[in-house]
Amino acid sequence: TVTFNNLSDNGASYNWDFGDGNTSTEESPEHSYEEPGEYEVQLEVIGIVSDTSTVVNTVEVTCATIADYDFETDCTSVTFENTSENAIAYYWSFGDKSDSEEASPVHEYAAPGTYDVYLTVQGVLGDEDIYFQQVEVVCAFAAAFASAQDSLNCQLYQFSQENPNVASLEWD
């Protein structure tokens, strides 16, 4: 949507042509364009005694830059899918003091946890947008152990836990 500010003096009526087939007779109208692009906008001002003055200006209509992303986790490896709109440059901050300028990076975290991930995008005109999500990095695990019997002592068993993703153990 573009807001047009009429700076004309002594006008009695106004005829706007927005360059896309739409018109208005408001003094200072707003107009929504369906597509980005350059449009030649014409304002015809009609004075009290029916004299006219016309001015034509080119208006460039652009789309807003919107940052957005989705992600999938596989233990400590996270694949980020950039779903931003109208962006030409990207800056990721992964919440673990590392970053990337790739559009859709894959990031490896050192450990499971919850990380604040920011994506900053820049548009054609230098406008920026920032999107934030908390990314929970979790590694799936299952209980597992191995045992070995001491061949000299029939009652001595040695147990060991073999899963690196287990945070604590309780033997019963």
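Within each chain, residues carry numbers counting from 1 in the order of the written sequence. Per-residue local features of the predicted model are confined to residues with pLDDT of at least 70, and side-chain atom pairs are confined, for both listing and counting, to 80 or more; whole-chain, interface and lining totals are unaffected and use all residues. Side-chain numbers here rest on the full set of heavy atoms in the structure, without hydrogens or water.

Caption draft 1: Looking closely at the sheet that holds strand S11 (residues 106–108). Only when DSSP finds a minimum of two bridges between them are two strands counted as paired. Secondary structure elements are defined from DSSP: runs of H or I of at least 4 residues count as helices, runs of E of at least 2 residues count as strands, and each element is numbered from the N terminus. Ordered in space as S7-S8-S11, the three strands form an open sheet in which the pairing is antiparallel. Two strands in the sheet have a free side with no partner beyond their single neighbour: strand S7 (69–74) and S11. Across this sheet, the average inter-strand angle for adjacent strands is 20°, counted without regard to direction. Where S7 lies against strand S8 (residues 77–82), six bridges are found, and the strand directions are antiparallel. By the bridge assignment for S8, Glu72 is matched with Thr79. To obtain an axis, a line is fitted to C-alpha atoms, over the contacting stretch when the element is a helix, and the angle between two such axes runs from 0 to 180 degrees between their N-to-C directions.

Caption draft 2: Geometry of a nonpolar patch on the surface. Where nonpolar side chains cluster on the molecular surface, the patch consists of Ile88, Val124 and Leu125 and spans about 340 Å² of accessible area. With respect to the secondary-structure elements, Ile88 resides in the loop between S8 and strand S9 (89–93). Patch membership requires more than 30% relative accessible area and the absence of a salt bridge. Residues of like charge join within 9 Å; the nonpolar side chains Val, Leu, Ile, Met, Phe, Trp and Tyr join within 5 Å. All accessibility values rest on the Shrake-Rupley procedure with a 1.4 Å probe; residue burial counts only the protein chains present in the view. Here, a salt bridge means any side-chain nitrogen of Lys or Arg that lies within 4 Å of a carboxyl oxygen of Asp or Glu.

Caption draft 3: Molecular detail of unusual backbone geometry. Positive phi values are uncommon outside glycine, yet Asn10 reaches one of about 60°. Position of Asn10 among the secondary structure elements: in the loop between strand S1 (2–3) and strand S2 (11–17). Taking relative accessible area as the criterion, Asn10 reaches 68% and is therefore assigned exposed. With phi around 70°, Lys97 is a residue other than glycine that occupies positive phi space. When you line up the elements, Lys97 lands in the loop between S9 and strand S10 (99–100). The classification of residues rests on relative accessible area computed with a 1.4 Å probe and restricted to protein chains. Under 20% of the type maximum is buried, over 50% is exposed, and intermediate values are partly exposed.

Caption draft 4: Just the sheet that holds strand S13 (residues 128–137), in detail. Read from one edge of the open sheet, four strands run S10-S9-S12-S13, paired in antiparallel fashion. Each edge of the open sheet carries a strand with a single partner, namely S10 and S13.

Caption draft 5: Up close: the state of the cysteines. Any cysteine sulfur atom paired with another within 2.5 Å is treated as part of a disulfide. Following the criterion strictly, the structure yields one disulfide and no others. There is a disulfide in this structure between Cys75 and Cys139, and the S-S distance comes to 1.9 Å. What sets the handedness of the Cys75 and Cys139 disulfide is the S-S torsion sign, and at about 90° it is right-handed. With Cys75 in the loop between S7 and S8 and Cys139 in the loop between S13 and strand S14 (145–149), this residue pair connects regions lying 64 residues apart in the sequence. Residue class for Cys139 comes out buried when judged on its relative accessible area of 9%.

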